[in-house]
Amino acid sequence: MKVLDFKPRLFSTLKNYSKETFMSDLMAGIIVGIVALPLAIAFGIASGVSPEKGIITAIIAGFIISLLGGSKVQIGGPTGAFIVIIYGIIQQYGEAGLIVATLMAGILLILLGVFKLGAIIKFIPYPIIVGFTSGIAVTIFTTQIADIFGLNFGGEKVPGDFIGKWMIYFRHFDTVNWWNAVVSILSIIIIAITPRFSKKIPGSLIAIIVVTIGVYVLKTYAGIDSIDTIGDRFTIKSELPEAAIPTLNWEAIKDLFPVAITIAVLGAIESLLSATVADGVTGDKHDSNTELIAQGTANLITPLFGGIPATGAIARTMTNINNGGKTPVAGIIHAIVLLLILLFLMPLAQYIPMACLAGVLVIVSYNMSEWRTFKALLKNPKSDVTVLLITFFLTIIFDLTIAIEVGLVIACILFMRRVMETTEISVIKDEIDPNDELDIAVCEEARARKSHEEHDGSDEQGRSQAHGLLYLGPDDCADAERDHHDVEGKPHGFLFQFEVLAHGRCEHRKGVDKPQKQKRERGEREVHRAFAFDLGNGEFFHGSPFVRREVRQCGVSCDPRASATPSGVKPISFHYGVGQDSDVWPGGVM
């Protein structure tokens, strides 16, 4: 067994790299770099740091994630999910504390990848993910109210908590600057309507260009100078800073460790979710452990140059795919484009209105909110709704660290209760034909039957049927039945029958045809079967493509060449049922 299975996709894709592929990557990289520019600036300012630090993060982290990552098309950089965490850390510990927390998060991400724990992230319940992403979206929107309306607090410090922010907003709402409000609303409208006439150029970039020019004309020729710009609040530096190692002390490490765990967990979820979505579009399969090591390395190096936490960005990754990105070279080109913008065009960023960036972040928060999914999950069983709402409100009222911790604990407790209530195992005799309705051509049937008869002098075969929630490869069940069925150490066969009620995000899987999708939407069950052999030196699966794909995601070895039943195999059948009250799939949460 390899201690470290680290295989960056860049090096494997370069083996058959061509000029046509490079041209596709070049165009995609340029477009993604332009798309990333306004987002990096907005995320940096919203997080409480200067705008160039958002771009520095996109450059360094984006380069490292593409260079070392386990996905062919993943684009890394700062994301909206980190805004709330970063802002809170800076408020309490300053930028030095942010550097320490990000470094620790980087180390944790690397350890997750080294110890091959990438698959664990897949088992985080979907209601928790939706709960805290929707909560983050509401919090991001809340932080932008002051810039949207140009509120003047008269030197009063804005509280860091959700309720405190809204209280100060209401107290000072009579100071609204309507020019700011017009700029924000105009920016939102431009971003919203751009996709109707342009699929290539992002609405955020068009909004920034149009609104910035408009505000500059108003200031220069109409004497309207009440609209704040980036240059009014920040001094922009057009250079990459030198690396600086922060001063570490044990007290700071202890205080910041829970926050570092939150950054690491959120970064892992975001990056692997982004990579999984990309796989569904491209038909590729990312290496989750390699991806986590790349994410950790990026978060270990970026803060040394003043950057903020980074992870895989779903929107930029999809932009890369939609514009023809084929390999990690596109992500590297995107980082180079941002570097050139930082060095030569960054002084122009001082003219961008803060209200315009607030409009950009309003759209970001709307897209993050997943309100349609949130609404749909409210129709789920009470246990799922409970986890969803608790995670959502804890994220808004308290902070993301508490929300994730409490949400995971509650989800584990509810899941264990659900398993105990719904799982049942029983033994059935003389009712199994291991080749019935399976796509296995038994080329050694006669020899297998003869060997089996010599083995125990009968044709009796046993079957253990388990109803309820089981994870693929249930060792405890297998060990219990081994004592009942195994004779003289002969090998076992496991006949898995998956009865799956598909719902949630399953319809987004690549290759799902329309009738199958409609069937899933109607809540009908699907049955998948496969035969597995435990031969003492590994497990061999044979079955439908669905089953093979799912068992690989669980880390179980699959060998499609296992097309014959080995001699002496005594089959055991597991019936895997997923009911209306569950969103557990073979391979994790969909």
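In this numbering scheme, every chain counts its residues from 1 along its sequence in written order. At least 70 in pLDDT is required for a residue's local features to be given in this predicted model, at least 80 for side-chain atom pairs to be given and counted, and no such filter applies to totals for whole chains, interfaces and linings, which use all residues. The basis for the side-chain values is all heavy atoms of the structure; hydrogens and waters are excluded.

**Student:** Hey, could you go over the overall build of the chain for me, with residue numbers and the actual values?
**Tutor:** A run of H or I in DSSP counts as a helix once it spans at least four residues, and a run of E counts as a strand once it spans at least two, with each numbered from the N terminus. For the chain, the count of helices and strands is 22 helices and ten strands. Relative to its full complement of 590 residues, the chain shows a buried share of 52%. In this analysis, two residues are considered to be in contact whenever any of their non-hydrogen atoms come within 4.5 Å of each other. Within the chain, residue pairs in contact and separated by at least 24 positions form 81% of the contacts whose partners lie at least 6 positions apart. For the chain, the exposed surface amounts to about 26800 Å²; the carbon and sulfur share of it is 61%. Throughout, exposure labels follow a simple rule: accessible area from a 1.4 Å probe, protein chains only, divided by the maximum for the residue type, with under 20% read as buried, over 50% as exposed, and the rest as partly exposed. All accessibility values rest on the Shrake-Rupley procedure with a 1.4 Å probe; residue burial counts only the protein chains present in the view.

**Student:** A description of the packing of aromatic side chains should follow, citing residues and the corresponding values.
**Tutor:** Only Phe, Tyr and Trp rings are paired, with Trp represented by its six-membered ring, and only when their centres lie within 6.5 Å; those with planes under 30 degrees apart are stacked, over 60 edge-to-face, the remainder tilted. Considering all chains together, one arrives at eight aromatic pairs under this definition. Seen in terms of ring centroids, Trp 166 and Phe 170 are 5.9 Å apart; in terms of plane orientation they differ by 35 degrees. Their pairing is tilted. Pair noted here: Trp 166 and Phe 170 are both in helix α7 (residues 162–171), with a separation of four residues, about one helical turn. By relative accessible area, Phe 170 is classed as exposed at 62%. Consider the rings of Tyr 216 and Tyr 351, whose centres lie 5.7 Å apart with planes at 80 degrees: the pair is edge-to-face. Of this pair, Tyr 216 sits in helix α9 (residues 203–221) while Tyr 351 sits in the loop between α14 (329–344) and α15 (354–369), and the two are 135 residues apart along the sequence.

**Student:** How would you summarise helix α2 (residues 19–46) if you had to cite specific residues and measurements?
**Tutor:** Its 28 residues give α2 an end-to-end C-alpha distance of 40 Å, which sits within 8% of 40 Å, the value for a rise of 1.5 Å per residue. At Ala 36, α2 shows its strongest bend, of approximately 30 degrees, with the proline Pro 38 following within four residues. Where α2 terminates, the next one or two residues include Gly 48, which has phi positive at roughly 100 degrees. One less than the residue count of a helix, multiplied by 1.5 Å, gives the span that helix is expected to have. Here the bend at a residue is taken as the angle between two axes, fitted respectively to the seven residues that end there and the seven that start there.

**Student:** Explain the pattern of salt bridges to me, and be specific about the residues and the numbers.
**Tutor:** Whenever a carboxyl oxygen of Asp or Glu lies within 4 Å of a side-chain nitrogen of Lys or Arg, that contact is scored as a salt bridge. Tallying each qualifying case throughout the model produces seven salt bridges. Taking the shortest distance from any N to any O, the salt bridge between Arg 233 and Asp 228 comes out at 3.4 Å. Residue Arg 233 is classed as partly exposed on the basis of its relative accessible area, which comes to 42%. What makes Asp 228 partly exposed here is its relative accessible area of 30%. Residues joined by salt bridges that share partners form a network here, namely Asp 147, Asp 228 and Arg 233.

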